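Read off the chains here:
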Amino acid sequence: MTDIDWDVLRTAAVEAMERAYAPYSRFKVGAAALVTDGRIVSGCNVENASYGVTLCAECGLVSDLHMSGGGSLVAFVCVDGEGRTLMPCGRCRQLLYEHAIPGMLLETVSGIRTIDDVLPDAFGPRDLAPERTTEMT
Ligand code: THU
């Protein structure tokens, strides 16, 4: 897809970031993504006094994806509290992979990349398939 409006996605990510609940790290994060049907989903980080329970912004985004009608992620942006592009953490790259179209695009600190660039040789649903064969790799 060549008609991705990255400015619109970044604006949605900044709006989400402004709703972050990050009283412990004071590091607000917002994420936004374009879905296969054209809608935009977003999320912010939500921290917890039990620090390890913290939900990254991507968790809220994936919840928004399913709550608002499903589909798959086509293009993704994540920003910090200053609106600067932020790389999704390793756990969230895995989370995004499960809900992304093959080759989903991300705005990264090194330009537009694909999900396969940032999570090569990913583990995913097909690795759990009982009929898995070497041809699937
Ligand atoms: N954070 C995210 O929301 N997404 C990421 O991909 C990286 C980290 C949040 C979690 C925590 O609330 C704060 O950033 C500092 O780690």
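Residues numbered from 1 in each chain as written. Predicted model: local features only at pLDDT ≥ 70, side-chain atom pairs only at ≥ 80, totals over all residues. Heavy atoms only, no water.

- The name given to the chain in an unreviewed UniProt entry is Cytidine deaminase, with Microbacterium aquimaris as the source organism.
- According to the UniProt record, the Sequence similarities (unreviewed entry) comment for the chain reads "Belongs to the cytidine and deoxycytidylate deaminase family." (UniProt positions renumbered as here; feature names shortened; annotations may be inferred.)

Structural notes on the UniProt feature "domain: CMP/dCMP-type deaminase" (unreviewed entry) in the chain
Stage number 1. Within this structure's numbering, the places UniProt gives as "domain: CMP/dCMP-type deaminase" (unreviewed entry) are residues 4-126.
Stage number 2. End C-alpha atoms of residues 4-126 are separated by 28 Å, and the span's content is 30% helix alongside 25% strand. (Helix = DSSP H or I, 4+ residues; strand = E, 2+ residues; numbered from the N terminus.)

Here we look at the pairing of strand β3 (residues 73-79)
Stage number 1. β3 sits mainly inside the fold: seven of its seven residues count as buried.
Stage number 2. Sheet topology note: the strand β1 (residues 30-35)/β3 ladder contains six bridges and is antiparallel. Across the sheet, Val 35 pairs through a bridge with Leu 73, a residue of β3.
Stage number 3. Relative to strand β4 (residues 100-108), β3 is paired through three bridges, and the arrangement is parallel. Each residue of the ladder has a partner; that of Ala 75, found in β4, is Leu 105.
Stage number 4. With helix α3 (residues 90-99) bridging β3 and its parallel neighbour β4, the resulting β-α-β unit is right-handed. (Buried < 20%, exposed > 50% of the residue type's maximum accessible area, 1.4 Å probe, protein only. Pairing = 2+ DSSP bridges. Right-handed = clockwise from strand over helix to strand, strands pointing away.)

Comments concerning the packing of helix α2 (residues 57-67) against α3
Stage number 1. Put simply, α2 and α3 touch, their axes get as near as 10 Å, and they point 15 degrees apart. Here α3 runs roughly parallel to α2, going by the angle between their axes. The two elements α2 and α3 cross, and the hand of that crossing is left-handed. Between α2, through Glu 58, Cys 59, Leu 61, Val 62, Leu 65 and His 66, and α3, the contact on the second element is made entirely by Arg 91, Cys 92, Leu 95, Leu 96 and His 99.
Stage number 2. Taken together, the residues of the contact of α2 with α3 break down into seven nonpolar, two polar and two charged. (Axes fitted to C-alpha atoms, helices over the stretch in contact; angles between N-to-C directions. Parallel < 35°, antiparallel > 145°, perpendicular 65-115°, else oblique. Left-handed = near helix turned anticlockwise from the far one by under 90°. Contact = heavy atoms within 4.5 Å. Nonpolar A, V, L, I, M, F, W, Y, C, P; charged D, E, K, R; others polar.)

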